[in-house]
Amino acid sequence: MSSTFGNHIQISIFGQSHSAAIGVVIDGLPAGEQIDEEELQRFLARRAPGQSDLTTARKEADQVRILSGLYQGCTCGAPLAAEIENRDVRSRDYEKIADIPRPGHADYTAHVKYGGWEDYRGGGHFSGRLTAPLCVAGGIAKQILARRGIGIEAAIDEIGGVTYEEAVAGEDVTAGKDIMALPAAWTRMIATVREEGDSLGGIICCRISGMPAGVGSPMFDGLENRIAQAVFAIPAVKGLEFGAGFQAARMRGSENNDPFCLDEEGQVATATNHHGGILGGISSGMDITFRAAFKPTPSIAKEQDSISFSRGEDARLSIQGRHDPCIVLRAVPVVEAAAAVALLDALAGEGKL
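Now for a description of the structure that goes with this document.

Definitions and limits used
- Residue indices follow the written sequence of each chain, beginning from 1 at its first position.
- Where totals are concerned, whole chains, interfaces and linings use all residues; where local detail is concerned, this predicted model gives features only for residues with pLDDT of at least 70, and gives and counts side-chain atom pairs only at 80 or more.
- Computation of side-chain values covers all heavy atoms of the structure but excludes hydrogens and water.
- By convention in these notes, a salt bridge is any Lys or Arg side-chain nitrogen within 4 Å of a carboxyl oxygen on Asp or Glu.
- Strands here are runs of E lasting at least two residues and helices are runs of H or I lasting at least four, both read from the DSSP assignment and numbered beginning at the N terminus.
- Only protein chains enter the calculation, and the probe is 1.4 Å; a residue is then buried if its accessible area is under 20% of its type maximum, exposed if over 50%, and partly exposed in between.
- Grouping into patches uses exposed residues only, defined as over 30% relative accessible area, and leaves out salt-bridged ones; the cut-off is 9 Å for like charges and 5 Å for nonpolar side chains (Val, Leu, Ile, Met, Phe, Trp, Tyr).
- The protein chains shown are the only cover counted for residues, whose accessible areas, like all others here, come from Shrake-Rupley with a 1.4 Å probe.
- Positive charges come from Lys and Arg, negative ones from Asp and Glu, while His and the chain ends are left out of the count.
- A charge is said to be at NZ when it belongs to Lys, at CZ for Arg, at CG for Asp and at CD for Glu.
- Joining through side-chain atoms within 4.5 Å is the link that ties buried Ala, Val, Leu, Ile, Met, Phe, Trp, Tyr and Cys residues into a set, and such a set is a nonpolar core.
- Throughout, a residue-residue contact means that at least one pair of heavy atoms, one from each residue, lies within 4.5 Å.

Turning our eyes to something else, we now look at the pattern of salt bridges. A complete count under the given rule lists 21 salt bridges for this structure. The residue Asp62 makes a salt bridge to Arg129 at a minimum N-O spacing of 2.7 Å. Of this pair, Asp62 sits in the loop between α1 (37–45) and β4 (64–68) while Arg129 sits in the loop between α2 (107–114) and α3 (131–146), and the two are 67 residues apart along the sequence. An identical accessibility class is assigned to Asp62 and Arg129; each is buried. Connected through shared salt-bridge partners, Glu33, Arg147 and Arg148 make up one network.

Quick look at the structure:
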């Protein structure tokens, strides 16, 4: 099924952007794992809408309600089911796109696939709103992984073609790259495109530490494959690279190869990490690193060319409603969540949980 992920720990995401609720069912979690619901809620708060003038004005508390799968605060072996209510919906904002699909969005392809029965409101099941239940699964996975010494941390690396280093040049920046501490250059860029009725894309980098060597398989079940499948579930992701990525194509073998060595504890390591912690689809024990490219938000106020389903002719469309001028700002925890569910499933398959 298209909304189910995992071979050993399966997550199934349900709901639409404007349905009564959205949620996730997680099957296969090891029993006896303590889940801190307050920590989980803090993780979701990083993705929640309405936190800044630079994000969508839609106000959703994203309060998670765990329906099953826990007993006395720990996983009990039963499938864990959780839901989040949709409370601040304005379906009238989407009446036009029932007939005129948005360029860059899944409106047209969904219409073709589902024969006009798709829920177009807010993008339906194709909406970025569905990354909230992904974060529920990922937040739980992160807690389990952390107890195994595995940490996952993502950050914004680039917005609108301007890197973090370029954005902070000349600034006294001591905070991280999250939404609450955006460099002034990025803030100005996003504010400008919002006023112009346009949007920006960007790049998020992710680093996974503590992953043991030997996890993964060659060919179709490699660790890169698993992570990529989960990360590409994030609606706006259009590109992904591990380690040096596309830059490796511009290097010589003598530059790209990572020399093996022994670390201070006598364990095998590499002097550099162009391979991004994965060789032959199998973890090397070095940090796993990857970067994900996000397209600009397709729902923009600028008038665009489209077509009318009912009239069978060209049409013009200007999107009204509440949309993020830059999806990247709220996508950092989503990238962490996608990586976490992929790693947890891979470790379960190796019997290393």
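Resuming the write-up.
On the surface, a cluster of negative charge is made up of Asp36, Glu37, Glu38 and Glu39. Relative to the helices and strands, Glu39 resides in helix α1. Taking the relative accessible area as the measure of exposure, Glu39 reaches 37% and is therefore partly exposed.

As a further point, take the nonpolar core. Counting 79 residues, the largest nonpolar core has Ile208, Ile227, Phe290 and Phe294 as the members making the most contacts within it. The leading source of residues in this core is helix α8 (residues 328–349), at 16 residues. For Phe294, the residues in contact, after removing those within four places along its chain, are Gly201, Gly202, Ile204, Ile234, Ala236, Val237, Ile327, Val328, Ala331 and Val335. Within the second largest apolar cluster, six residues are counted, among which are Ile97, Ile100, Ala315 and Ile319.

Treat this as a map of the structure, not an account of what it does.
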